[in-house]
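Observations on chain architecture
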Amino acid sequence: MTSQPISGVYNDAYIAELLEQYRHDPSSVDETWRQFFRLAERLGGAALPSAHTGSGASSVSGDFSYLRKVAGAAALADAIRHYGHLAVTLDPLGSTPAGAAELTPEFHGITEDDLKVVPAFAIGFEMGTAADVVARLRELYSRTMGIEFDHLEEEVERGWFRHTIEEERVGWQLTEDEMRYVLQRLSEVDGLERFLGRAWVNMKRFSIEGTDVLVPMLDFLIDEAAQRGGHQVVLGMAHRGRINVLAHILGKPYATIFAEFDGKHASSSAVSETGDVKYHLGAHGQRTLADGRVVDVRLVPNPSHLEIVNPVLTGVARHLQRQPGTIEFDRASVVPVLVHGDAAFPGEGVVAETLNLSRLNGYQVGGTIHLIVNNQVGFTTNPRDGRSTWYASDLAKGFEIPIVHVNADDAEACVAAIRMAVAYRAKFGKDFLIDLVGYRRHGHNEGDEPTFTQPALYASIKSHPTAREVWGQRLVQQGVVTEEDVAAAERTVAERLQAIYDEGKASDHPDMEVEPSKPAVVGSPNVAPPMRAETLVSLNEQLLARPSSLHVHPRLAKQLERRRDAMGDAGGIDWGHAESLAFASLLTNGVSVRVSGQDAERGTFSHRHAVLHDFETGETFTPLQHLSGANGAFGIYNSPLSEMSVLGFEYGYSTAAEDTLVLWEAQFGDFVNMAQPVIDQFIYADRAKWGLDSGVVLLLPHGYEGQGPEHSSARLERFLQGCAEGNVRVAYPSTPAQYYHVLRRQAHLDPRRPLILMQPKSLLRLPQAASHLRDLTDERFQPVIDDPAARESRDDIVRLVFCTGKVYYDLVAKGPSSQVAVVRVEELYPWPHEQIVRVLDGYPGVAEVVWAQEEPKNMGAWSYAAPRLRACVGNALPIRYIGRQERASPAEGYLSVHQQEQARIVSDALDVSSVRRRGVGARV
């Protein structure tokens, strides 16, 4: 006979058979049955008869009938813990909970009356009967707050929840002062929304109405975080409720909000700042708590791409937690909070990507507190059409995140959920999710008509009292306040808002209290101080030093040893070597460095090896973390297989990390298109929209080596298309020295702006591309590099070929041409107009200018470079394009075809026979 765990209904014969099996060999039955029989043995008056003792059938039946009641009561109590959330009255509008058969006594073979005859201690509780226990558990697990924690892997966490819910319950009941405070806050929240609705009819504000309690929840969250050592709360959210949060959590003045609704913006005349709509804006504020503690609160700006702010917010939090000059973090000091939409949370992939970061070494923030503002409908989409899960929050279960579902009309339960969330984060350093179930009083926006698609739902909403009214009536019933107190609170808020509005209308210059606009970034000055040769040699020796006990892979040991020789007169500094020297020089100058990417530690092309692995034990050693005299901290992290969340994280980190060079490396540059929302919404437009600065560096391997459409192009054309107002820098260095210099320049530039770097693959160890030590010490980054082979034949040059990056080495592979000069444009944006003009002036006999590239004509730099090159050349000379024709796919999928095309491009670029035949004269 095979034993089964206790569940469902079992007859007496089955139990008797298991009992005999247990008596013969306890280990032969399931542990749950062993526990049951041991418990039964301890129960007073409940004997365990033997089927072979000669006892009458009625006696046996009677004993087992009682035991069955005990088992059923225990199973019911356990089921309430597991499935109680399905019976919670979650919907403020009163829809019937789903329920579960397991929550009924009948499912477990007993009745409500049976519970009354089983003592509480029989099922592991104190005092009273099983009926008392079940009633109490139903109150705890199935009233207006449902809790899911069974999916947590660690029993210590599950035990913490059972203890917190059933025994501790600290802060679950509000004091009368706290109740009155919540009433005041709900009056302010409701009053602001209704005033805006009256003053600016049908104007978009994405009202919070229906989930008003979010604001007092955030109030209590800030206070609870401060009690556990937090001095900063960073907040990310989409647009619903944002204006109310700006006003009541960040302290944005009502007058400023009203002026923005009137279309008045302090920086609207700034050419360099286009701004953003009011419900996307971020803010900084400070909250002074009752005991005098001050908590800094930061709301991160967010575009309409809803959840894209998630990794950005956690990146900001990660840096704010970092201890200066180290890679150590104070997790309690900064609490990240993300407010989600119920349609977006399960619908947008970046949510899962960000949750996956939460427990990874390079991205931990000690737990993010998530709140789903659950309106029970998307724009017009019902849940059954928007997700394949029962709850909007179910995605979080896959990442072992505890979930609390709570009715938004029960403010007391909502505050209890917040207190539990903060306590759990402090205890376990993990994410926590609150599913705040409410409704949306208006349509998706205030100009929308929701009854077109949800007539029944909005009929219920129209007749449902506001959150303020529900809470006020509850306090009146409990005798905490009077009806006049409730009305007075509402009246006071309305009068105050009207007075502020009237004052603003009477003033031509309301105090906007916004930061002044920032000018566009102009040019790319070289500001990094040069490094002496002996200093770099010394740093190189430190980078090659490692513990004698570390057994490096023999092949890698030889590669690293060559870096010592490369510092000599023969040269040979390759890409990874130059990078490590750039990082080391920055670290000794007090600049920290953070690098991440899917294979960042080694490098996708095995060129970096920033982290050395013991060939025998697997232990690691990072030389850049052991430099003597370094004042900066170095961190490098292999990331998950994600572009969008990781780049978003690094961008967010970089906005807060003014002392850190932050770099993200794509496995292949082609894959950066998976992070396009981060690039479009944040990296390129953040300064214009929100006045933010970032110095994040994107390292994007790019180059045509015949590896196919997804391993060739980092889509340089897309980056160039978005360049304007000095928003970024885009470069394609062709030598390790150029890479070294552009990194050092990036770390010292002010103002900071992102840097997009096309990175090589075949050039990483190409001897012709290698640099000398003097290239690192005697030069600085050169936006344009003239043809070094044309110095002696300038007057003979008839064609000037401009190109960028790797194709240069294809063009010069056959040696110098007496009639063609090949010029490298190393920095494409800002466009180096003056440097190119100087190069042109150095070739008096040039008859034709060519732009050569390996990308298709509709891709690469041609479309961007052509008009700018024309501005440099003037109208006297023709400008030709040489490269692949326009194509839908960025590269050939067959190596033989690639090689043919590459050979044709080189041949066409170097063939000047057509120039002679036309007899074009010298440049004027």
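Read on for a plain summary of the structure. This one's a predicted model, so the numbers in the text were calculated from it and none came from an experiment.

Criteria and cut-off values
- Residues numbered from 1 in each chain as written.
- Predicted model: local features only at pLDDT ≥ 70, side-chain atom pairs only at ≥ 80, totals over all residues.
- Heavy atoms only, no water.
- Salt bridge = Lys/Arg side-chain N within 4 Å of Asp/Glu carboxyl O.
- Helix = DSSP H or I, 4+ residues; strand = E, 2+ residues; numbered from the N terminus.
- Buried < 20%, exposed > 50% of the residue type's maximum accessible area, 1.4 Å probe, protein only.
- Phe/Tyr/Trp six-rings, centres within 6.5 Å; stacked < 30°, edge-to-face > 60°.
- Pairing = 2+ DSSP bridges.

Okay, the pattern of salt bridges next. Here the structure, examined in full by the defined rule, presents 57 salt bridges. For the salt bridge of Lys397 with Glu148, the shortest nitrogen-to-oxygen distance reads 2.7 Å. Of this pair, Lys397 sits in the loop between α14 (383–386) and β7 (403–407) while Glu148 sits in strand β1 (residues 145–148), and the two are 249 residues apart along the sequence. According to the relative accessible area criterion, Lys397 is partly exposed, its value standing at 29%. In this structure, the salt-bridge partner of Asp190 is Arg194, at a minimum N-O distance of 2.7 Å. One end of the pair is Asp190 and the other is Arg194, both in helix α7 (residues 176–199) and 4 residues apart, which spans about a single turn. Under the relative-accessibility criterion, Arg194 is labelled partly exposed at 29%. Three or more residues joined by partner-sharing salt bridges are found here, namely Arg884, Arg887, Glu892, Glu901, Arg904 and Asp908.

All right, on to the packing of aromatic side chains then. One pass over the structure, following the stated rule, counts 27 aromatic pairs. Between Phe161 and Phe432 the ring centres are 6.2 Å apart and the planes differ by 25°, which places this aromatic pair in the stacked class. Of this pair, Phe161 sits in helix α6 (residues 155–168) while Phe432 sits in strand β8 (residues 432–437); the two residues are 271 residues apart in sequence, bridging distant segments of the chain. Judged by relative accessible area, which is 0%, Phe161 ranks as buried. On the basis of relative accessibility, which here comes to 0%, the residue Phe432 falls in the buried class. Ring geometry for Phe195 versus Phe258: centroids 5.2 Å apart, planes at 35°, classification tilted. Taken together, the residues span a long stretch of sequence, with Phe195 in helix α7 and Phe258 in helix α10 (residues 254–261) at a distance of 63 residues.

The next subject is the pairing of strand β4 (residues 294–299). With 5 of 6 residues buried, β4 is to be regarded as a mostly interior element. When strand β2 (residues 232–237) meets β4, the two strands line up parallel, connected through 4 bridges. Its bridge partner being in β4, Val234 is matched across the sheet by Arg298. Where strand β3 (residues 283–288) folds back onto β4 in an antiparallel hairpin, the turn is made up of 5 residues, including Gly292, whose phi is positive at roughly 95°.

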